[in-house]
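The primary structure of each chain is shown beneath.
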Amino acid sequence: MAGPARKKQRREEKQEGELPQKKYYRQRAHANPFSDHDLKYPVSPADMDWTQHYPAFAEAHDDDTGVSRKISKQVSVADIGCGFGGLLFALSPKLPDSLILGLEIRTSVTEFVQEKVKALRKQHEGIEAGDAAVPSIASRAAPFQNVSCLRANTMKFLPNLFLKAQLSSIFLCFPDPHFKTRKHKQRIVSTSLASEYAFVMRPGGKIYTITDVEDLHLWMVEHLAAHPSFDRVSDEEVEGDVCVAVMRTETEEGKKVERNGGTKHVAVFRRLPDPEWV
């Protein structure tokens, strides 16, 4: 009990605007997505309060409660299994017009990303995206106002969070390979999950995948390529995609693979338009 208590104390001692330290938020790497993690989730996307995640985009309230639960734009980019948020924070300035959400099932890791978001927003108060000083209140263009993190199990509750055709990008970066055959059903890409991704993605949107495990790479390619809603993006287009460049270099796992001299396998799939009903 002493170890976790000290970690919690160190977290609470952190000053406002001070970046959190990973060593106080470490947690085991794997979590069973089929377990009951005591998660809170909305009954439907309409019940989700996004203003707590993107307060700079909150709209004026339109009822008698005096409280707004709506934002001026929808989340359009999701990093599933975001870990410590390396991709989120790197994408934030690259996609300033998009609301980016990290989804992570581990409690301490989620808390780390949320605390880092708060600290970065505090550090950049009064700064616009173009580094021009503004009045004391951060504008909607202020850095890191467009990024947040939510504890969630996307294998169970993805349609509870996002509307049909809401997302333009989904990132699956270095997911748990679940090497044992009996564990393959826990992989983040499967026939059923591909259909859920297709449901929440808009036509033309992209699923980005990267892993250092070739068997998992082939598995994800096989299942997404077999789905009628997805078509694999050409290698030429992949190499010219700024999001791919960020995905390769900015995630914690990606940096670890780089240090160890490993190989990163990348595949990107585009969401096709739904066929016309006959």
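Reading guide: rules and limits
For every chain, the first residue of the written sequence is number 1, and numbering continues from 1 along that sequence. Local features are withheld for residues below a pLDDT of 70 in this predicted model, meaning they are given only at 70 or higher, and side-chain atom pairs are given and counted only at 80 or more; totals for whole chains, interfaces and linings count all residues. In computing side-chain properties, one takes all heavy atoms of the structure into account and sets aside hydrogens as well as water. Secondary structure elements are defined from DSSP: runs of H or I of at least 4 residues count as helices, runs of E of at least 2 residues count as strands, and each element is numbered from the N terminus. For the exposure calls, accessible area comes from a 1.4 Å probe over protein chains only, and a residue counts as buried if that area is under 20% of its type's maximum, exposed if over 50%, partly exposed in between. Here, two residues are considered to be in contact whenever any of their heavy atoms come within 4.5 Å of each other. UniProt positions are given in the numbering used here, feature names are shortened, and annotations may be inferred rather than shown by experiment. Polar contact criterion, stated in full: a pair of N or O atoms within 3.5 Å, where within protein one must be able to donate a hydrogen and the other to accept it, and residues adjacent in sequence count only if both atoms are side-chain atoms. We count a salt bridge whenever a side-chain nitrogen from Lys or Arg sits within 4 Å of a carboxyl oxygen from Asp or Glu. Aromatic pairing here means that ring centres of Phe, Tyr or Trp (its six-membered ring) are within 6.5 Å. Orientation follows from the plane angle: under 30 degrees is stacked, over 60 is edge-to-face, and everything else is tilted. Here, any two strands with at least 2 DSSP bridges between them count as paired. Think of each axis as a best-fit line through the C-alpha atoms, taken over the contacting stretch in the case of a helix, with angles from 0 to 180 degrees between the N-to-C directions.

Participant: Go over the overall build of the chain, please, and point to the residues and values.
Facilitator: Looking only at helices and strands, the chain has 9 helices and 7 strands in total. Every one of the 278 residues in the chain was classed for burial, and the buried ones make up 49%. Within the chain, counting contacts between residues at least 6 apart in sequence, those at least 24 apart form 75% of the total.

Participant: Please set out the UniProt feature "active site" (unreviewed entry) in the chain residue by residue, giving values where relevant.
Facilitator: When the UniProt feature table is mapped onto this chain numbering, "active site" (unreviewed entry) sits at Asp176. A distance of 3.1 Å separates a polar atom in the side chain of Asp176 from the backbone nitrogen of His178.

Participant: If you had to explain helix α4 (residues 154–161) to someone new, which residues and values would you point to?
Facilitator: Of all 8 residues making up α4, 6 are buried, and the element is well covered by its neighbours. By the burial criterion, the buried members of α4 are Thr154, Met155, Phe157, Leu158, Asn160 and Leu161. Its buried side turned inward, α4 meets β1 (75–80), β2 (99–104), β3 (147–151) and α5 (191–200). The N-cap residue of α4 is Asn153: its side-chain oxygen and the backbone nitrogen of Met155 are 3.2 Å apart.

Participant: Talk me through the pattern of salt bridges; I want residue IDs and the actual numbers.
Facilitator: Evaluation of the coordinates by the stated rule reveals 12 salt bridges. Here Arg248 makes a salt bridge to Glu239, at a shortest N to O gap of 3.1 Å. Owing to a relative accessible area of 24%, Arg248 belongs among the partly exposed residues under this scheme. With a relative accessible area of 53%, Glu239 lands in the exposed category. Between Arg271 and Asp274 there is a salt bridge, and its shortest N-O distance comes to 3.0 Å. With relative accessibility at 3%, the residue Arg271 sits in the buried group. Classification of Asp274 as partly exposed rests on a relative accessible area of 41%. Through salt bridges that share partners, Lys206, Glu237, Asp241 and Arg270 make up one connected network.

Participant: Can you tell me about the packing of aromatic side chains, naming the residues and giving the values?
Facilitator: Counted according to the given criterion, the structure contains 6 aromatic pairs. Where Tyr41 meets Phe157, the ring centres are 3.8 Å apart and the plane angle is 15°; that geometry is what we call stacked. Placement of the pair is Tyr41 in the loop between α1 (2–13) and β1 and Phe157 in helix α4, with a sequence separation of 116 residues. Look at Trp50 and Tyr54: their rings are 6.4 Å apart centre to centre, the planes differ by 45°, and that puts the pair in the tilted class. Residue classification places Tyr54 among the buried positions, given a relative accessible area of 0%. One aromatic cluster in this structure is built from Trp50, Tyr54 and Phe162.

Participant: An account of the sheet that holds strand β7 (residues 265–271) is needed here, citing residue identities and associated values.
Facilitator: Pairing in this open sheet of 7 strands is mixed, and the strands run β3-β2-β1-β4-β5-β7-β6 from one edge to the other. The sheet terminates laterally at β3 and β6 (230–232), the two strands that pair on one side only. Adjacent strand axes in the sheet meet at a mean angle of 20° when their direction is disregarded. Strand direction decides the pairing type here: β1 and β2, joined by 5 bridges, are parallel. Within β2, the residue paired with Asp79 across the bridge is Gly102. Lying on the sheet, helix α3 (residues 107–123) is in contact with β2 and β3; it crosses β3 at an angle near 160°.

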